[in-house]
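Coordinate analysis (summary)
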Amino acid sequence: MSIKSAARFLSAASRSQEIRDRFQSVQSPEHFLCISQEMGYTFTTAELKKIITLKSRNIEVRRTTGVWRWLREVNWVERRH
């Protein structure tokens, strides 16, 4: 699992509507990670949150569209078994 993989994923998702479309029905962190892994990206939710935080410093949200919309809509609370 790696921060680098999470960064590559976010970069690819920011340029590809096809990638973003694959995540439209995601309802849990587990499902999100499963689809990401199927696409060849390996990271944890903590690693993804870390890279999002790093890349979002000093960024003001001005619109609700684009790559960040679906990231905001995922319920990121991990389930404990």
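My aim in this report is to walk through the structure given alongside it, one point at a time.

Regarding the overall build of the protein chain
Helices and strands together make up the secondary structure of the protein chain, namely five helices and zero strands. The linear arrangement of helices and strands in the protein chain, starting from the amino end, is α-α-α-α-α. Nonlocal contacts in the protein chain, meaning residues at least 24 apart in sequence, comprise 66% of its contacts between residues at least 6 apart. In the structure as shown, the protein chain presents an accessible area of about 5700 Å², 49% of it carried by carbon and sulfur atoms.

Regarding the packing of aromatic side chains
Here the distance between the centres and the angle between the planes together describe a pair of aromatic rings. The full count for this structure, using the stated rule, is five aromatic pairs. On the basis of an interplanar angle of 75° and a centroid distance of 5.5 Å, the ring pair of Phe9 and Phe23 is categorised as edge-to-face. One end of the pair, Phe9, is in helix H1 (residues 3-15); the other, Phe23, is in the loop between helix H2 (17-21) and helix H3 (29-38), with 14 residues separating them in the sequence. On the basis of relative accessible area, Phe23 is assigned to the buried category, the value being 2%. Ring geometry for Phe9 and Tyr41: centres 5.4 Å apart, planes at 70°, overall edge-to-face. Here Phe9 is found in helix H1, whereas its partner Tyr41 is found in the loop between H3 and helix H4 (45-56), with 32 residues between them in sequence. Judged by its relative accessible area of 0%, Phe9 falls in the buried class. Through a chain of ring-to-ring contacts, the aromatic side chains of Phe9, Phe23, Phe32, Tyr41 and Phe43 assemble into a single cluster.

With respect to the environment of Ile3
Following the sequence through the fold, Ile3 ends up in helix H1. Through-space distance from the C-alpha of Ile3 to that of Leu48 is 6.9 Å; in sequence the pair is 45 residues apart. If we skip the residues at most four places from it in the chain, Ile3 touches Glu47, Lys50 and Ile51.

Looking at the pattern of salt bridges
Any two side chains of opposite charge can pair if their charged atoms end up close together. Across all of its chains, the model carries one salt bridge by this definition. Between Arg22 and Glu38 there is a salt bridge whose closest N-O contact spans 3.5 Å. Of this pair, Arg22 sits in the loop between H2 and H3 while Glu38 sits in helix H3, and the two are 16 residues apart along the sequence. Note on Glu38: relative accessible area 57%, which makes it exposed.

Points about H3
Taken together, the buried positions of H3 are Pro29, Phe32, Leu33, Ile35 and Ser36. One side of H3 holds all its buried residues, which, seen down the axis, span an arc of 160°. Trailing H3 by a residue or two, Gly40 shows a phi angle of about 95°, which is positive.

What counts and how
Residues numbered from 1 in each chain as written. Predicted model: local features only at pLDDT ≥ 70, side-chain atom pairs only at ≥ 80, totals over all residues. Heavy atoms only, no water. Helix = DSSP H or I, 4+ residues; strand = E, 2+ residues; numbered from the N terminus. Contact = heavy atoms within 4.5 Å. Areas by Shrake-Rupley, 256 points an atom, 1.4 Å probe, with all protein chains shown as cover. Phe/Tyr/Trp six-rings, centres within 6.5 Å; stacked < 30°, edge-to-face > 60°. Buried < 20%, exposed > 50% of the residue type's maximum accessible area, 1.4 Å probe, protein only. Salt bridge = Lys/Arg side-chain N within 4 Å of Asp/Glu carboxyl O. Arc of directions from axis to C-beta.

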